[in-house]
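Read off the chains here:
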There are 2 protein chains.
Amino acid sequence: MSSSSAAPAAKPPMRDALVAAAFQLFLEGGYEQTTVDDIVALAGVGRRSFFRYFPSKEDVVFPDHERCLADMTAFLAASAEEDEPVRRVCDAARLVLRMYAENPTFSVQRYRLTKQVPGLRAYELSVVWRYERALAGYLRGRFADRAGGTLRADVVAAAVVAAHNNALRSWLRSDGEDDAGAAVDHALGYVQAAFGHEAPGHPGDPDHPRGEGAEDVVVLVARRDAPLWRVVREFETVLGRG
Amino acid sequence: MSSSSAAPAAKPPMRDALVAAAFQLFLEGGYEQTTVDDIVALAGVGRRSFFRYFPSKEDVVFPDHERCLADMTAFLAASAEEDEPVRRVCDAARLVLRMYAENPTFSVQRYRLTKQVPGLRAYELSVVWRYERALAGYLRGRFADRAGGTLRADVVAAAVVAAHNNALRSWLRSDGEDDAGAAVDHALGYVQAAFGHEAPGHPGDPDHPRGEGAEDVVVLVARRDAPLWRVVREFETVLGRG
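Residues numbered from 1 in each chain as written. Chains lettered and ligands numbered in written order. Predicted model: local features only at pLDDT ≥ 70, side-chain atom pairs only at ≥ 80, totals over all residues.

**Observations concerning the overall build of chain A**
Applied cut-off: The numbering of helices and of strands both runs from the N terminus, where a helix is a DSSP run of H or I of at least 4 residues and a strand a run of E of at least 2. Exposure is read from a count of other C-beta atoms within 10 Å of each residue's own; the residue is exposed at 12 or fewer, buried at 20 or more and partly exposed in between. C-beta atoms are placed from the backbone. Placing a C-beta atom from the backbone of each residue, one calls two residues in contact when those atoms lie within 7 Å.
A tally of helices and strands in chain A yields eleven helices and one strand. The helix and strand sequence of chain A, counted from the amino end, reads α-α-α-α-α-α-α-α-α-α-β-α. Residue burial in chain A is summarised as follows: out of 242 residues, 35% are buried. Put simply, 58% of the contacts in chain A that link residues at least 6 apart link residues at least 24 apart.

As structure tokens, then:
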């Protein structure tokens with residue numbers, strides 16, 4: 001994966017040619033110093049062609065996010081009732097990682113560029129926000145019938161995005177050399193462990209926080225070296241059977 | 001709280017006068033249509049006075065965030081080793097709520113304005129990002145000596161911010177009539193329940209997810225109606241004693 005290249009194919013479509021020209025100029029002369037006129041001159045097309053594909057110079061830096069957002073929205077819309085919701089949004093987040101991992105060289109170049117240009121950081125925050133709202137919107141629907149559902153949806157969506165981005169940034173800092181999939185699986189596994197169980201009484205459930213009695217499940221925390229009789233007694237006490 | 005007013009005091013300092021003039025004009029004529037010249041004319045000061053306090057027109061919409069960020073940074077820097085880290089960042093987030101709740105009328109007006117103006121939404125996202133990084137930076141320090149510490153820090157910080165903002169927006173949508181403190185306590189309590197325990201083996205620990213064995217503690221989840229023998233067998237299996 002890390003050996004693939006951002007170089008344009010022999011006959012790239014015009015949109016790809018514009019992205020390639022833009023990045024060549026951004027890397028050579030700086031983002032702020034490069035104008036749309038410079039980009040279209042190098043790509044050999046007119047200004048109107050540029051703006052047909054990209055509303056602004058910022059958009060050419062993130063050419064695939066709109067498609068990825070559309071893919072994510074379609075993926076979530078195609079969910080079934082039996083999909084575990086937290087797992088489903090984790091899988092949706094993996095679509096973003098896949099987009100980055102498809103083209104490591106380009107992704108690493110953009111990462112460095114974005115760190116240097118405040119306007120691009122702001123753009124990226126707005127994109128991240130849109131991913132987060134897509135995930136939260138799906139979760140709000142799934143959690144609609146429970147008290148605290150929007151809170152749970154918002155918190156889980158934010159946690160998924162933060163975990164994904166933690167793994168993504170680690171991979172980008174490795175210049176795309178690390179295993180992006182393994183890093184994001186680990187990160188999302190953490191969020192699923194914290195929130196991905198639907199049982200009442202789970203700490204991830206805002207209406208049944210840890211330690212309170214629940215309807216059909218008990219959570220028992222015991223020292224590893226506890227004698228068995230103590231564990232049994234505690235279990236019986238919790239159940240009121242003792 | 002909800003009966004207090006955004007009206008300027010009889011003799012406000014110049015900075016407050018600029019904010020009051022700006023909001024009067026934004027509400028009467030729209031944010032985009034109002035210029036800095038309009039604001040300084042109404043406030044009766046020169047342009048240089050405006051830019052002494054506010055780098056841009058956007059900054060006058062959020063006049064207290066820099067102070068609040070500084071307060072949060074100082075609060076976190078003053079933490080003690082014995083402070084439970086998740087509780088500490090929840091308390092830090094309450095500083096932001098307090099800033100909003102100090103002036104409900106102003107906060108509600110700004111909320112409506114921000115929803116209408118994309119540029120202000122982008123500004124707000126960058127502010128929220130800075131709060132989140134302040135919380136994550138503190139947590140990264142506290143979790144520095146454990147594997148997965150930066151992941152845990154980033155996820156908890158994002159969860160705290162999402163919970164805070166869920167409560168804040170509910171309160172803003174109530175026109176500042178609801179009890180902001182109670183809403184944020186509930187929301188942050190949810191995050192603390194999910195992440196606020198330091199015991200290894202807790203699902204909030206990325207290196208000891210739910211169900212895996214841990215160093216000194218085991219977490220057992222059992223159906224309330226499970227027969228005792230099954231619970232004992234599972235406990236023994238987890239411990240490798242069976």
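**Digging into the packing of helix 5 (residues 65-77) of chain B against helix 8 (residues 118-142) of chain B**
Residue and element names in this part refer to chain B. Put simply, the rule is: Whenever a helix is involved, its axis is fitted only over the stretch in contact; in every case the axis is a line through C-alpha atoms, and angles between N-to-C directions fall within 0 to 180 degrees. Orientation labels follow simple angle bins: below 35 degrees gives roughly parallel, above 145 gives roughly antiparallel, 65 to 115 gives roughly perpendicular, and whatever is left gives oblique. Each residue gets one of three labels, nonpolar for Ala, Val, Leu, Ile, Met, Phe, Trp, Tyr, Cys and Pro, charged for Asp, Glu, Lys and Arg, and polar for the others, Gly among them.
The interhelical angle for the contact between helix 5 and helix 8, taken along N-to-C directions, is 5°, at an axis separation of 10 Å. Classified by the interaxial angle, the pair formed by helix 5 and helix 8 is roughly parallel. Residue-level contacts link His65, Leu69, Met72, Thr73 and Leu76 of helix 5 to Val127, Arg130, Tyr131, Ala134 and Tyr138 of helix 8. Split by residue class, the contact of helix 5 with helix 8 holds seven nonpolar, two polar and one charged.

**Points about the confidence of the model for chain A**
Residue and element names in this part refer to chain A. Note the following rule: The quantity called pLDDT is the predictor's confidence in a given residue, expressed from 0 to 100.
Considering every residue of chain A, the mean pLDDT works out to 84; 76% of them sit at 70 or more. The spread of mean pLDDT over the elements of chain A runs between strand 1 (residues 217-223), the lowest at 57, and helix 9 (residues 149-173), the highest at 97. The low-confidence segment residues 1-5 (pLDDT under 50) makes nine contacts with residues lying over four places distant or belonging to another chain. The ipTM, which scores confidence in the relative placement of chains, is 0.77 for this predicted complex, and the corresponding pTM is 0.78.

**Details of helix 1 (residues 14-29) of chain B**
One turn of the α-helix equals 3.6 residues, which is why residues spaced by three or four share an orientation. Residues and elements named next belong to chain B. What counts here: Working rule for helices: expected span equals 1.5 Å times residues minus one.
Taking 1.5 Å of rise per residue, the 16 residues of helix 1 would be expected to cover 22 Å, and the 22 Å separating its terminal C-alpha atoms lies within 8% of that figure. Tucked into the core, helix 1 has its buried residues touching helix 2 (36-43), helix 3 (47-53), helix 4 (57-61) and helix 7 (104-116). Once helix 1 finishes, Gly30 follows within two positions and takes phi at roughly 95°, a positive value.

**With respect to the nonpolar core**
Nonpolar side chains in soluble globular proteins tend to end up buried together. Just so we agree on the cut-off: To form a nonpolar core, buried Ala, Val, Leu, Ile, Met, Phe, Trp, Tyr and Cys residues must be joined through C-beta atoms within 7 Å.
If you look at the biggest cluster of nonpolar residues, it comprises 88 residues, and the most contacted ones within it are A:Ala159, A:Val160, B:Ala159 and B:Val160. Sequence-distant contacts of A:Val160, defined by excluding residues within four places in its chain, comprise A:Val89, A:Cys90, A:Ala93, A:Leu135, A:Leu188 and A:Val191.

**Considerations on the environment of B:Asp38**
Tracing the backbone through its elements, the reader meets B:Asp38 in helix 2. It is 26 Å that separates the C-alpha atoms of B:Asp38 and B:Arg67, two residues lying 29 residues apart in sequence.

**Some points on helix 7 (residues 104-116) of chain A**
For helix 7 of chain A, with 13 residues, the first-to-last C-alpha span of 19 Å sits near the 18 Å given by 1.5 Å per residue. Close packing links the buried residues of helix 7 of chain A with helix 4 (57-61), helix 6 (85-101) and helix 9 of chain A.

**Concerning the environment of A:Val40**
Residues and elements named next belong to chain A. With respect to the secondary-structure elements, Val40 resides in helix 2 (residues 36-43). Placed ten residues apart in sequence, Val40 and Phe50 show a C-alpha to C-alpha distance of 6.8 Å. Not counting chain neighbours up to four residues away, the residues in contact with Val40 comprise Val45, Gly46, Arg47, Ser49 and Phe50.

**Structural notes on the environment of B:Arg88**
Assignment of secondary structure puts B:Arg88 in helix 6 (residues 85-101). The class of B:Arg88 is buried, set by 20 C-beta atoms lying within 10 Å.

**Section: unusual backbone geometry**
The backbone phi angle of A:Asp175 is positive, close to 60°, even though this residue is not glycine. When the 14 C-beta atoms within 10 Å are taken as the criterion, A:Asp175 is described as partly exposed.

**Here's the deal with the packing of helix 6 of chain B against helix 9 (residues 149-173) of chain B**
Residue and element names in this part refer to chain B. Quick reminder of the rule: The handedness criterion is simple: a crossing whose near helix is rotated anticlockwise from the far helix by less than a right angle is left-handed, and one whose near helix is rotated clockwise is right-handed.
The N-to-C vectors of helix 6 and helix 9 enclose an angle of 30°; their axes lie 10 Å apart at closest approach. Two packed elements cross with a definite hand, and for helix 6 against helix 9 that hand is right-handed. Listed contacts from helix 9 to Val86, Val89, Cys90, Ala93, Val96, Leu97 and Tyr100 of helix 6 are Val156, Ala157, Val160, Val161, His164 and Leu168. Across the contact of helix 6 with helix 9, the residue classes break down as twelve nonpolar, one polar and no charged.

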